[in-house]
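For reference, the chains in residue letters:
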Amino acid sequence: MVVGASAAGLAAAETLRREGYDGTLTLVGDEPHPPYDRPPLSKQILSGEWSTQQLPLRPYTDLDALDLDLRLGAAATGLDVPDRTVRLADGSRMPYDGLILATGVRPRRLPGKGAHVLRTLDDALALRDRLMPGSRLVVVGAGFLGAEAAAVAWKLGCEVTLLEPAPVPLAHAVGTEVGRVLSQAHLDRGVELRCGVTVTEVTEEGARLADGEVVEADEILLAIGSLPNTEWLADSGLAVGDGVVCDQYCEAADGVYAAGDVARWDNPLFGVPMRIEHRTNAAEQGMAAARNLLAAPEARKPFAPVPYFWSDQYNMKIQAYGYLRGHDEVAVVEGDLAERRFVAAYGTGERLTGALSVGMSPKAIRAWRQAIAGGTPWEEAVPAGTPATEAA
Amino acid sequence: MLVELDVPKCVASGQCVMAAPDVFDQREDDGVAILLEEHPGDELLDEVREAVAICPAAAIRLAEQ
Ligand SMILES: Cc1cc2nc3c(=O)[nH]c(=O)nc-3n(C[C@H](O)[C@H](O)[C@H](O)COP(=O)(O)OP(=O)(O)OC[C@H]3O[C@@H](n4cnc5c(N)ncnc54)[C@H](O)[C@@H]3O)c2cc1C
Ligand code: SF4
């Protein structure tokens, strides 16, 4: 049984079938739609470039071929680990032999009514309907999601203001210099970016800041991070703390695995517990969890990926491999920061742990993935004399 | 086996090239995937299935086995 019918849950279900499991396979999801893809929501769906027809993760025939007991619009409300049952919102109890948890995350919100969030298809369509030329959009949070939405709204002719609590957007993830260069893309287009401001409340007029000022808006989008969907597991006995806590095999309890945005697991490649909200990780971890669930105990494999993500903002494609958070060093190893065409390497404790590219051939960055997977020492990866930008 | 690539969906991640290098490549400039072999031999079935599963844009489909 798989709970959560999106990227991670579907990857898990497909892998269970591919690996030869031919018993009953139940896929439970609380959204009404068949599994669909989220990254286009803040890109081609928000801009209107794509119709919703392009969003399903699999065509109907492929989904059908999996022979699933597919339960859409059905929320799981409880888990009994010793009894091996999942409780659904309609009161039914579903027995399972093995279980994969893939319930993802939901957006953080602020007090007050009327603000948009951007996580589901319905969220994206609701926001899209309100973005007209000349309308004033305030985006709270200038992370990747906020930046993408701001870029689309700008292109649609909206007057966009980004409000960001940190002094430099994304600095905690990509470093101060790279964060500054990325945020320059907003300023170049006349998108207003106010950093170091905290929004405390959404009001009818706009976004209220900590000092009482109200930034007026027709529409407000909250892009201030997310919370793992784990409340339904509260009395399950599973360890939950910013995600479902798993070991290096993605196992949370006997016969219970977790994958995707909701899972916090020990990544042996970096030696730290992590929870990754990237599309590629959802698929990879769904596959890994499914394989480990079916495998004999000694045949299980630790899940040790080099995380990957991309983001499209204005005409920039940003791609990154590795684990950038908490890095000690950043160095520009190819290209030029100011031209927004570069590869930056990230080091943590003497070792290469990440690489981020902007505007370079996407092929170029694949070599860095290998170097990160191989645990290349920083000194070797980044030749002496390479211009280092300051650490985050 | 028949492989389909939905080019407009591709996000240039390169996952397919790593999973099935004999079947996919990426364009030099923008990294968009290229289908090298529309009808790969059966020995590549596992690799192609891996690429289908891992593509973060759901852009690859195994139309026939
Ligand atoms: C707008 C947007 C843009 C993005 N862009 C990018 C990008 O450019 N690059 C990138 O790498 N990543 C991007 N991501 C992140 C990527 O989409 C996620 O990492 C991925 O969707 C995670 O998949 P998941 O299956 O783990 O979780 P989710 O996609 O969150 O799916 C979880 C599913 O479980 C359901 N669920 C929750 N609780 C229950 C319950 N109790 N019972 C039943 N079902 C439940 C949810 O409703 C949901 O359908 C983006 C995300 C969003 C929202
Ligand atoms: S894996 Fe998918 S998105 Fe990535 S390059 Fe290949 S086809 Fe494109």
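For the structure, see preceding data.
About the thresholds
- Think of each chain on its own: its residues are numbered from 1, step by step along the sequence as written.
- Going through the entries in the order they are written, you letter the chains from A and number the ligands from 1.
- A pLDDT threshold of at least 70 governs which residues receive local features in this predicted model, and a stricter bar of 80 or more applies before side-chain atom pairs are shown or counted, although totals over entire chains, interfaces and linings include all residues.
- Calculated side-chain values reflect all of the structure's heavy atoms, with hydrogen atoms and water omitted.
- Per the convention used, a helix needs a DSSP run of H or I reaching at least four residues, while a strand needs a run of E reaching at least two, with both numbered from the N terminus.
- Just to be clear, the radius of gyration here is over C-alpha atoms, and the globule rule we use is 2.2 Å times residues to the power 0.38.
- For this analysis, residues touch if any pair of their heavy atoms sits within 4.5 Å.
- Accessible surface area values rest on a Shrake-Rupley calculation with a 1.4 Å probe, where residue burial reflects the displayed protein chains alone.
- For this count, His and the chain ends are skipped, Lys and Arg are scored as positive, and Asp and Glu as negative.
- In plain terms, the charge of a residue is placed at NZ if it is Lys, CZ if Arg, CG if Asp and CD if Glu.
- A simple rule labels every residue: compare its accessible area, found with a 1.4 Å probe on the protein chains alone, to the largest value its type can have, and call it buried under 20%, exposed over 50%, or partly exposed in between.
- Between any two strands, at least two bridges found by DSSP are needed for them to pair.
- To obtain an axis, a line is fitted to C-alpha atoms, over the contacting stretch when the element is a helix, and the angle between two such axes runs from 0 to 180 degrees between their N-to-C directions.
- If a single non-hydrogen atom of a residue is within 4 Å of a molecule or strand, that residue counts as near it.
- Polar contacts here mean pairs of N or O atoms no more than 3.5 Å apart (in protein, one a potential hydrogen donor and the other a potential acceptor; neighbouring residues in sequence count only if both atoms are side-chain atoms).
- The classification used treats Ala, Val, Leu, Ile, Met, Phe, Trp, Tyr, Cys and Pro as nonpolar, Asp, Glu, Lys and Arg as charged, and all other residues, Gly among them, as polar.
- Each domain's limits were defined by an automated method or a database of domain assignments.

(A) Representation of the overall build of chain B within the structure. When helices and strands are counted, chain B shows two helices and four strands. When its helices and strands are written in sequence order, chain B yields β-α-β-β-α-β. In summary, chain B has a C-alpha radius of gyration of 10 Å against a globular reference of 11 Å for 65 residues, a match within 12%. Counting only C-alpha atoms, chain B reaches 30 × 20 × 15 Å along its principal axes. Long-range contacts, defined here as pairs at least 24 residues apart, represent 56% of the contacts in chain B between residues at least 6 apart. For chain B, the accessible area works out to roughly 2,900 Å², and carbon and sulfur atoms hold 45% of it. Each charge class in chain B was averaged separately, 4 positive and 15 negative side chains, and the resulting centres sit 10 Å apart.

(B) Region of the structure containing the side chain of E251 of chain A. All names here are of chain A. If you trace the backbone, E251 turns up in strand β18 (residues 251–253). Take E251: its relative accessible area is 19%, and that puts it in the buried class. Among residues more than four places away in sequence, those in contact with E251 are V245, C246, V256, Y257 and R300.

(C) Seen up close, the sheet that holds strand β10 (residues 159–164) of chain A. Residues and elements named next belong to chain A. Taken together, the four strands give an open sheet; going across it, the order is β11-β10-β9-β15, and neighbouring strands pair in parallel fashion. The sheet is open, and its two edges are formed by β11 (192–195) and β15 (219–222), each paired on a single side. Adjacent strand axes in the sheet meet at a mean angle of 15°, parallel and antiparallel pairs treated alike. This element, helix α5 (residues 144–155), spans β9 (136–140), β10 and β15 of the sheet and lies at about 165° to β10.

(D) Region of interest: the pairing of strand β25 (residues 341–348) of chain A. Residue and element names in this part refer to chain A. For β25, the tally of buried residues reaches six of eight residues, placing the bulk of the element in the interior. Judged from the seven bridges that link them, strand β24 (residues 329–336) and β25 form a sheet pairing that is antiparallel. Each bridged residue has a counterpart across the sheet, and for D336 the counterpart in β25 is R341. Taking the residues that link successive antiparallel strands as the turn, the β24-β25 hairpin has four residues, and the phi of R340 there is positive, at about 55°. Two strands pair when backbone bridges link them, and β25 and strand β26 (residues 351–358) are joined in this way by seven bridges, in the antiparallel orientation. Across the sheet, residue F342 finds its bridge partner in β26, namely V358. Hairpin connection between β25 and β26: a loop of two residues separates the two successive antiparallel strands, and G349 in this loop has a positive phi of roughly 50°.

(E) Expanded view of the site of ligand 1. All names here are of chain A. Neighbouring residues of ligand 1: 34 residues in total, closest D30, E31, R38, K43 and R119. Side-chain polar atom of K43 to an oxygen atom of ligand 1: 2.6 Å apart, as the coordinates give it. With respect to ligand 1, the backbone of R279 contributes an N or O atom lying 3.1 Å from an oxygen atom. Considering ligand 1 on its own, with 1,000 Å² of exposed area, one finds that the protein chains cover 93% of that surface. For the shell around ligand 1, the elements supplying multiple residues, two or more each, are α1 (7–18), α5, α8 (279–294) and β22 (308–313). Residues that form the shell around ligand 1 fall into these classes: 16 nonpolar, nine polar and nine charged. Split by domain, the residues of the shell around ligand 1 number at least three in each of domain 1 (2–106 + 226–299) and domain 2 (109–222).

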